[in-house]
Every structure is written in C-alpha cells, then in structure tokens.
Amino acid sequence: MAGSEEVDPALVRAAQRGDPMALGELMEILAPYVGRICGPIALQDGPDAAQEALILVLRGLRGLREPAALFGWVRVIAVREAVRVARRRVPISAMPVEEVSAPGDPELAVDITDTLARLTPEHRAVLVLRDIEGLDEVQAGRILAVPPGTVRSRLFRARLGFRKAWGS
Amino acid sequence: MTENWPVADLDPVRRLRVLAAAVRFPVYVGEVVLPAPFEEVWADVSDLEHELPRHLSTVRSARVTRAEGDRLELLATGNFGQRARFDVVLRPGWCLMRSRFVLGAMAAVPEAAGTRFAALGGFRLPGARLTRPLLTMLGDRAMRSFAERPDTRG
C-alpha cells in the first residue's frame, strides 16, 4: 500500500503543537503521497487539489489522535479533496467509458492521463483507491461515502474504459 | 499498471502557501514574478548572510554559525543590537527560518522565462494579530526590495 510509510510520532506531535519547522518537514513527507492520490483524480487540477488537501491536513492535524493513523487519515482528505476540485471543472472531453478510444502507445503517461480524463472524478477515485492504494471495496466505499456495490460498479466501468483504451 | 499515472507536484511556492495557511499566527505572504532565471534568483536570495540585511530593514547583519546538509543555524542582529538565533532549512527553491519569535520563508519556481518568488514572514508572539499592520509594512517593503533589484529587472 502506498501510504504505509512510517513517520516519527515525535514529528507529528511537534506539528500538532504548531511548530512551523515540524509542519514544513511533515509537508515534505506528505506531499509526494498526496500528489500520487490527487494527480490521477484531479489531473490538470492535481496541484491545486494537493495544495488544498495539505492545507486541510495541516490545519486539522490537532484532531488526529494517533500518529500511526496519519497516512490513512491523509488519504481520506486527499481523495475527497481531489474529487471536489476535479468536479469544479466542466468536462470538455468526457464521454461514456464504452466510447473511450485506444491510445497510440500504452507506455506513454500522456495516454494514461488521456484515458483517465475520459472517466468521471468518482471513477478515477475508485481506481486510485483500489489499484494504487490497494483498498478493498468496503474500505474504498467508506472513504467515498458510497456502498460497496457502487464501488464495484464504478470499478467495473472504469476498468472497462481502460481495457477498451488499451485494446486488450 | 499504475507506474505511469500522473502525479501532482506541489512546488515550493505552493508549499509556502500551504504553510502560510497552516500556521496559527498571522503571517505576511507576498508573491512576485521576477524577470530573471530561477538559478540566478535563487543564487542571490539564498545567500542569506548578504541578502537578509539587504531586503529586511530590521536586520543589520546575518551570519551562518553552523551548516549541516540543508540545515543551517543563523545568527541575526537587529538594528538595535538585538540578536536572534534561527534554525534554517535551505534547499533549492525553498528556505524556512524560525527563531523563538519570528518565522520566515522564501520559495521560488521557474515561470515562463522568469521566476515566481514568494516570501512569508510572521511574529510568533502572544497577541500577534496586533502586529498585522507592521507585518504588512515590512513585508511590502521587502517584496518591493526583491522586485526592484537591478539584477532582477531583466
């Protein structure tokens, strides 16, 4: 799982007390993780989403009771913030996943971004939680505030879009 | 399957905005786009011993007393002889400085042919809200000083 890194509990406690150096250090540790979540969900708005998510994380840090739960807590905030920011943008090229066209080279990240862009933010969030974070449907549903059945159907449609795009 | 997926980059200027929103005391934040390349701008502003007294009207001198990787210790002397020891994190595009009573930060990223430069400053004092007018005045003056440097006018 991408968020299983250990963070020194003393650093988290110092950041919770508002120490600016600890806040800065914690931000350095969390930024790559938040970027990996926000990038595939919010796409071109990913940096905005990551910025907003980290503001919420650092402002809300005092409410985190157990430092060991840090990455799980950050994941929830980052996913929800990425979906929120992505939904602000009016889709230009959105089309039903069944109509996603095949990209030229499956190795190119730009093709992946293009394929992701043809899914809704909610579908992208399910892909991130299942395929990057390795969560099960119940855990993913809890984060997205939807039943496991909805996660399952979104995942099916999102993966269908990818399969059609890669022509496999 | 996911190794080529897009990753959102939180550049140093965005990190400075996050820090400004997260600290619990009022801070001044200024941003300006300088018509000079990033390498040139950062080479200048990261020379703390020369640049802090040049741009901060309250600082008479600054001296690095210890350096270990990207961590420095800096002794600043004010106009009235008062001294403050700063813990500093300094790496390309990012500088964070904290003394007992003061927080400062600078960040820079390339933007088009120039450089977006951001600075943050605040007093870590009880009743710091009262210092906002002073912060604004000092911050505006420092940002003008950065923006009006002859070697960053392009």
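Up top is the structure these notes are about.
Throughout what follows, the structure given in this document is the object of discussion.

Procedures and definitions
- Residues numbered from 1 in each chain as written.
- Chains lettered and ligands numbered in written order.
- Predicted model: local features only at pLDDT ≥ 70, side-chain atom pairs only at ≥ 80, totals over all residues.
- Heavy atoms only, no water.
- Core = buried A, V, L, I, M, F, W, Y, C linked by side-chain atoms within 4.5 Å.
- Buried < 20%, exposed > 50% of the residue type's maximum accessible area, 1.4 Å probe, protein only.
- Helix = DSSP H or I, 4+ residues; strand = E, 2+ residues; numbered from the N terminus.
- Contact = heavy atoms within 4.5 Å.
- Buried area = accessible area lost by both parts, 1.4 Å probe.
- Salt bridge = Lys/Arg side-chain N within 4 Å of Asp/Glu carboxyl O.
- Nonpolar A, V, L, I, M, F, W, Y, C, P; charged D, E, K, R; others polar.
- Pairing = 2+ DSSP bridges.
- Phe/Tyr/Trp six-rings, centres within 6.5 Å; stacked < 30°, edge-to-face > 60°.
- Axes fitted to C-alpha atoms, helices over the stretch in contact; angles between N-to-C directions.
- Parallel < 35°, antiparallel > 145°, perpendicular 65-115°, else oblique.
- Left-handed = near helix turned anticlockwise from the far one by under 90°.

**Comments concerning the nonpolar core**
Argument step 1. The biggest cluster of nonpolar side chains holds 78 residues, and the ones touching the most others in it are A:Leu26 and A:Leu70.
Argument step 2. The biggest single contributor to this core is helix H2 (residues 20-42) of chain A, with 13 residues.
Argument step 3. If we skip the residues at most four places from it in the chain, A:Leu70 touches A:Val7, A:Val12, A:Leu26, A:Leu30, A:Leu61 and A:Leu64.
Argument step 4. The next biggest cluster of nonpolar side chains, apart from the first, holds 24 residues, and it includes B:Val45, B:Ala62, B:Val88 and B:Cys95.

**Some points on the interface of chain B and chain A**
Argument step 1. Listed by partner, the interface residues are 29 residues for chain B and 39 residues for chain A.
Argument step 2. When the buried area of chain B at its contact with chain A is split by residue, B:Trp5, B:Pro6 and B:Arg24 rank highest and sum to 23% of it.
Argument step 3. Inspection of the region where chain B meets chain A yields five salt bridges.
Argument step 4. The closest approach of N and O atoms between B:Arg98 and A:Asp19, which form a salt bridge, is 2.7 Å.
Argument step 5. Only helix H1 (12-22), strand E4 (83-91) and strand E5 (94-98) of chain B provide two or more residues apiece to the side of chain B that touches chain A.
Argument step 6. When residues in the side of chain B that touches chain A are grouped by element, the largest group, seven residues, is from H1(B).
Argument step 7. Grouping the amino acids of the side of chain B that touches chain A by side-chain chemistry returns 17 nonpolar, two polar and 10 charged.

**Re the environment of A:Leu43**
Argument step 1. Mapped onto the fold, A:Leu43 is located in the loop between H2 and helix H3 (46-60).
Argument step 2. Using a relative accessible area of 12% as the deciding quantity, one classes A:Leu43 as buried.
Argument step 3. A sequence separation of 43 residues divides A:Leu43 from A:Ala86, and the C-alpha atoms of the two residues are 7.6 Å apart.
Argument step 4. Leaving out residues up to four positions away in the same chain, A:Leu43 has contacts with A:Cys38, A:Thr113, A:Leu116, A:Ala117, A:Arg124 and B:Pro6.

**Focus on unusual backbone geometry**
Argument step 1. A positive phi angle, close to 50°, is found at A:Leu43, a residue other than glycine.
Argument step 2. The phi dihedral of B:Ala112 is positive, around 50°, even though this residue is not glycine.
Argument step 3. In this fold, B:Ala112 is placed in the loop between strand E6 (102-111) and strand E7 (114-123).

**Here's the deal with the pairing of strand E3 (residues 71-78) of chain B**
All names here are of chain B.
Argument step 1. For E3, the tally of buried residues reaches seven of eight residues, placing the bulk of the element in the interior.
Argument step 2. Pairing geometry for strand E2 (residues 59-68) and E3, over eight bridges, is antiparallel. Considered in E3, the bridge of Arg66 is made with Glu73.
Argument step 3. Between the antiparallel neighbours E2 and E3 lie two residues, among them Gly69 with a positive phi of about 65°.

**Description of the side chain of B:Thr115**
Argument step 1. Among the structural elements, B:Thr115 can be located in strand E7.
Argument step 2. Excluding residues that lie within four positions of it along the chain, B:Thr115 makes contacts with B:Val32, B:Val33, B:Leu34, B:Ala36, B:Pro37, B:Phe38, B:Val41, B:Ala108, B:Val109 and B:Pro110.

**Observations regarding the packing of aromatic side chains**
Argument step 1. Across all of its chains, the model carries two aromatic pairs over all chains by this definition.
Argument step 2. Relative to A:Phe71, the ring of A:Tyr33 has its centre 5.0 Å away and its plane inclined at 75°; by these criteria the two rings are edge-to-face. Note that A:Tyr33 is positioned in helix H2 and A:Phe71 in helix H4 (residues 70-88), a separation of 38 residues in sequence. The residues A:Tyr33 and A:Phe71 share a single accessibility class, namely buried.
Argument step 3. Centre to centre, the rings of B:Phe38 and B:Trp42 are 6.4 Å apart; their planes meet at 5°, and the pair counts as stacked. With B:Phe38 and B:Trp42 both in helix H2 (residues 38-45), this residue pair falls four residues apart, about one helical turn. In this structure, B:Phe38 and B:Trp42 share a single accessibility class: buried.

**A word on the sheet that holds E4(B)**
Residues and elements named next belong to chain B.
Argument step 1. Within the open sheet, the seven strands sit side by side as E1-E7-E6-E5-E4-E3-E2. Their pairing is antiparallel. For this open sheet the edge positions go to strand E1 (27-34) and E2, each flanked by a neighbour on one side alone. Averaged over all neighbouring strand pairs, the angle between strand axes comes to 20°, with direction disregarded.
Argument step 2. Judged from the five bridges that link them, E4 and E5 form a sheet pairing that is antiparallel. Among the inter-strand pairings, Arg91 is bridged to a residue of E5, identified as Trp94.

**With respect to the packing of H4(A) against helix H6 (residues 121-132) of chain A**
In a packed pair of helices, the relevant descriptors are the angle between the two axes and the axis-to-axis distance.
All names here are of chain A.
Argument step 1. It is at 9 Å that the axes of H4 and H6 come closest, and there the two elements cross at 155°. As judged from the angle between their axes, H4 and H6 are roughly antiparallel. The interaxial crossing formed by H4 with H6 has right-handed handedness. Residue-level contacts link Arg75, Val79, Val83, Ala86 and Arg87 of H4 to Pro121, Glu122, Arg124, Ala125 and Leu129 of H6.
Argument step 2. Class assignment for the residues of the contact of H4 with H6 results in six nonpolar, no polar and four charged.

By themselves, these figures tell us nothing about what the structure is for.
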